[in-house]
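So you can see what is in the structure, the chains are spelled out below.
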Amino acid sequence: MKKILTTPISDEDLKDIKIGDVIYLNGHIVTCRDVAHRRLIELGRELPVDLKGGAIFHAGPIVRKKDGEENKFEMVSIGPTTSMRMEKFEKEFIDQTGVKLIVGKGGMGPNTEAGCKENKALHCVFPAGCAVNAATCVEEIEEYHWEDLGMPETLWVCRVKEFGPLIVSIDSKGRNIFEQNKIEFNKRKDAALEELYTKVHYIK
């Protein structure tokens, strides 16, 4: 059965979701990356959109104007950007906004783990290379803010349906699949190297 979250997301919605689960999102997601994080955390500028119980996407979208409709845009491509770039801001960002779902590319670190655990939130990975497919899940761009930042950094408020697949990398208990996998993979690597060393010798 497909797991679907719908915004606004509650603590209760997340209690049974664990790392490695694949989920989809209905409702709204806001593109929000480097500069938006800096404006809130470093400059103390209030975000122009309420993210409590909401979702953000570390993404650099490509949009185009709708023909014949003033100030209306449609999504062409919305690919994830590297989440680790937001790592130093993310805990404070979660604390201040009440965001429940963070989506991006690759893993995040201890700062985000703490933010997810303390505030009951998730970080999820959207598969790289699927930017056009992601755009098909956007039913409408309902609003946009901070367009002075340029297309990639603008806050695009998107209404989405079954947006995903989203792979849970940090769950609401602060468990991090990337960090757990590193430990397991290193164990396997060490065992594999030990076996290899018995079979490979330098040529003298």
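Residues numbered from 1 in each chain as written. Predicted model: local features only at pLDDT ≥ 70, side-chain atom pairs only at ≥ 80, totals over all residues. Heavy atoms only, no water.

> How would you sum up the overall build of the protein? Please name residues and give values.
Scanning the protein from terminus to terminus reveals 6 helices and 9 strands. The dimensions of the protein, computed from C-alpha atoms along their principal axes, are 75 × 40 × 35 Å. Across the protein, the fraction of contacts at a sequence separation of at least 24, relative to all contacts at a separation of at least 6, is 66%. For the protein, the exposed surface amounts to about 10,900 Å²; the carbon and sulfur share of it is 52%. Distance between charge centroids for the protein: 5 Å, based on 30 positive and 33 negative side chains. (Helix = DSSP H or I, 4+ residues; strand = E, 2+ residues; numbered from the N terminus. Contact = heavy atoms within 4.5 Å. Areas by Shrake-Rupley, 256 points an atom, 1.4 Å probe, with all protein chains shown as cover. Lys, Arg positive; Asp, Glu negative; His and termini not counted. Charge placed at Lys NZ, Arg CZ, Asp CG, Glu CD.)

> Could you give an account of the nonpolar core, with specific residues and numbers?
The biggest cluster of nonpolar side chains holds 31 residues, and the ones touching the most others in it are Ile23, Leu25, Ile29, Leu101, Leu122, Phe163 and Leu166. Here this core takes 6 residues from strand β9 (residues 155-170), the largest share from any one element. Not counting residues up to four positions away in its chain, the partners in contact with Leu166 are Asp21, Val22, Ile23, Leu25, Leu101, Val103, Cys124, Val125 and Phe126. By size, the runner-up hydrophobic cluster in this structure holds 22 residues, among which are Cys32, Leu47, Met86 and Phe89. (Core = buried A, V, L, I, M, F, W, Y, C linked by side-chain atoms within 4.5 Å. Buried < 20%, exposed > 50% of the residue type's maximum accessible area, 1.4 Å probe, protein only.)

> Before we move on, could you go through the packing of helix α3 (residues 87-97) against helix α4 (residues 110-119) and cite the residues and values that matter?
One way to put it is that α3 packs onto α4 with a least axis distance of 7 Å and a crossing angle of 15°. Compared by their axis directions, α3 and α4 come out roughly parallel. Between α3 and α4 lies a crossing whose hand is left-handed. Here Glu87, Lys88, Phe89, Glu90, Lys91, Ile94 and Asp95 of α3 lie close against α4, whose contacting residues are Pro110, Asn111, Thr112, Ala114, Gly115, Cys116, Glu118 and Asn119. Its residues assigned to classes, the contact of α3 with α4 comprises 5 nonpolar, 4 polar and 6 charged. (Axes fitted to C-alpha atoms, helices over the stretch in contact; angles between N-to-C directions. Parallel < 35°, antiparallel > 145°, perpendicular 65-115°, else oblique. Left-handed = near helix turned anticlockwise from the far one by under 90°. Nonpolar A, V, L, I, M, F, W, Y, C, P; charged D, E, K, R; others polar.)

> Requested: an account of the pattern of salt bridges, with residues and values cited.
As enumerated under the stated definition, the model contains 17 salt bridges in all. Each of Lys72, Glu139, Glu140, Glu142 and Arg159 takes part in one network of salt bridges that share partners. (Salt bridge = Lys/Arg side-chain N within 4 Å of Asp/Glu carboxyl O.)

> Any details on the packing of aromatic side chains? Residues and values, ideally.
Any pair of aromatic rings gets described here by the distance separating the centres and the angle formed by the planes. One pass over the structure, following the stated rule, counts 6 aromatic pairs. Here the aromatic rings of Phe57 and Phe126 are separated by 6.0 Å at their centres, their planes lie at 55°, and the arrangement is tilted. Of this pair, Phe57 sits in strand β3 (residues 55-57) while Phe126 is found in the loop between β7 (122-125) and α5 (131-136), placing the two residues 69 residues apart along the sequence. Looking at Phe57, the relative accessible area reads 0%, which means it is buried. Relative accessible area serves as the criterion here: at 0%, Phe126 is assigned to the buried category. Where Phe73 meets Tyr144, the ring centres are 5.1 Å apart and the plane angle is 85°; that geometry is what we call edge-to-face. Of this pair, Phe73 sits in strand β5 (residues 73-80) while Tyr144 sits in strand β8 (residues 138-145); the two residues are 71 residues apart in sequence, bridging distant segments of the chain. Residue classification places Phe73 among the buried positions, given a relative accessible area of 14%. (Phe/Tyr/Trp six-rings, centres within 6.5 Å; stacked < 30°, edge-to-face > 60°.)

> Kindly report on unusual backbone geometry, identifying the contributing residues and their values.
Following Thr7, the chain continues to Pro8 via a peptide bond in cis, the omega torsion being -5°. Tracing the backbone through its elements, the reader meets Pro8 in the loop between β1 (3-6) and α1 (11-14). You will see that Asn71, though not glycine, has its phi angle at about 60°, which is positive. Relative to the assigned elements, Asn71 resides in the loop between β4 (59-65) and β5.

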